[in-house]
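# Summary of structural features
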Amino acid sequence: QTFDVEGVENPLSLTQVPSEQILVEGSPLIMEVLAEGADDIAFQWQKDGVDIPGANSSALSIESVAISDAGHYTVLASSGGSAIRSLPISVSVEPKVVEPPASPALTISVDGRLIEVTIIGEVGQSYQLQGTEDFQTWFDRGDVLVNDSGKVTFRDRISRGKGRYYRAIVLE
C-alpha cells in the first residue's frame, strides 16, 4: 500500500518483497525488502498488524521459527513524510515430525552350554546388555557394546538349572 497525500507524489517504492513462506518448525525465516526513493529509509516489520519489537531493518530474521510465528507479515518503509507498506506476506509453520528411534532387535541362539545374544540396531549406537533370573535384579553382562556394523554379538555361558533373561539398554 502506498500512502498518498493529495497533490504530493510518494517517492518511495518497494522494489523487492518476499513471497509466501511455508516452513517447518525449527527452520530459519529470512525475509528482506528493497526500498528506493530516499536516502534515509526507516523500516518497521509487523506480524498480524502489530509492530515486532526491534524489527526495524530491511530484513527480518527468526533463527528458529515456532508454530506461533505463523501469520501475515508486512513491512512499513518510511522517510520524511512518505511511507509505503508491503502487501501481507503469508508465513505458514508446519509442526516438525520427529520419528522415534527404532528399537534394537534382540535375537538369542543356544549352542550347547553357550548362549549367543545378537543386537541388531543403528550403527554407532551403544548398548549395555543386562541379565536377570528373577526380573527384579538386573545386572550388567560384560562391557558396553558399540554397534560398529549394524549388529553386535555377545556370548555367555548357560547356568545349570537357572533360567536367565536378557535385555539391551540403549545408551545415550
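As the structure is a prediction and not an experimental result, all values here were calculated from the model.

### Considerations on the pattern of salt bridges
On inspection of all chains with the given rule, the structure shows three salt bridges. Put simply, D48 and K47 hold a salt bridge, and the shortest N to O gap is 3.6 Å. Taking relative accessible area as the criterion, D48 reaches 45% and is therefore assigned partly exposed. A residue is classified by how much of its surface remains accessible, and K47, at 22% relative accessible area, is partly exposed. Between R141 and D156 there is a salt bridge, and its shortest N-O distance comes to 2.7 Å. Within this pair, whereas R141 is found in the loop between β14 (139–140) and β15 (145–146), its partner D156 is found in strand β16 (residues 151–157), the two being separated by 15 residues in sequence. Given the relative accessible area of 17%, R141 is considered buried. On the basis of relative accessible area, D156 is assigned to the buried category, the value being 8%.

### Some thoughts on the environment of S103
Mapped onto the elements of the fold, S103 is located in the loop between β10 (89–94) and β11 (105–111). As for S103 and G121, which are separated by 18 residues in sequence, their C-alpha atoms are 7.1 Å apart.

### Notes on the pairing of strand β3 (residues 29–32)
Along β3, the buried face is formed by L29 and M31; none of I30 and E32, which line the opposite face, is buried. Where β3 and strand β7 (residues 59–62) come together, four bridges link them in antiparallel fashion. By the bridge assignment for β7, L29 is matched with I62.

### Examining the side chain of R141
Within the structure, R141 has its side chain in polar contact with the side chain of D156 (distance 2.7 Å). Not counting residues up to four positions away in its chain, the partners in contact with R141 are Q128, L129, Q130, G131, F154, D156, R164 and Y166.

### Things to note about the pairing of strand β13 (residues 126–132)
A large share of β13 lies buried, amounting to seven of its seven residues. Neither face of β13 is exposed, since S126, Q128, Q130 and T132 on one face and Y127, L129 and G131 on the opposite face are all buried. Summarising the sheet, β13 and β15 pair through two bridges and their orientation is antiparallel. Its bridge partner lying in β15, Y127 is registered against L145. Across two bridges, β13 lies against β14 in antiparallel orientation.

### Some remarks on the confidence of the model for the protein
This prediction gives the protein a mean pLDDT of 87; 92% of its residues lie at or above 70. Here β11 stands out as the least confident element of the protein, with mean pLDDT 83; strand β6 (residues 50–51) is the most confident, with 97. Low pLDDT (under 50) marks residues 1–5, which in the prediction has twelve contacts with non-local residues, meaning those over four places away or in another chain.

### Some details on unusual backbone geometry
Despite not being glycine, D48 has its phi angle at roughly 50 degrees, a positive value. Of note, D48 is situated in the loop between β5 (42–47) and β6.

Thresholds applied
Residues numbered from 1 in each chain as written. Predicted model: local features only at pLDDT ≥ 70, side-chain atom pairs only at ≥ 80, totals over all residues. Heavy atoms only, no water. Salt bridge = Lys/Arg side-chain N within 4 Å of Asp/Glu carboxyl O. Buried < 20%, exposed > 50% of the residue type's maximum accessible area, 1.4 Å probe, protein only. Helix = DSSP H or I, 4+ residues; strand = E, 2+ residues; numbered from the N terminus. Pairing = 2+ DSSP bridges. Polar contact = N/O pair within 3.5 Å; in protein donor to acceptor, adjacent residues only side chain to side chain. Contact = heavy atoms within 4.5 Å. pLDDT = per-residue confidence, 0-100.

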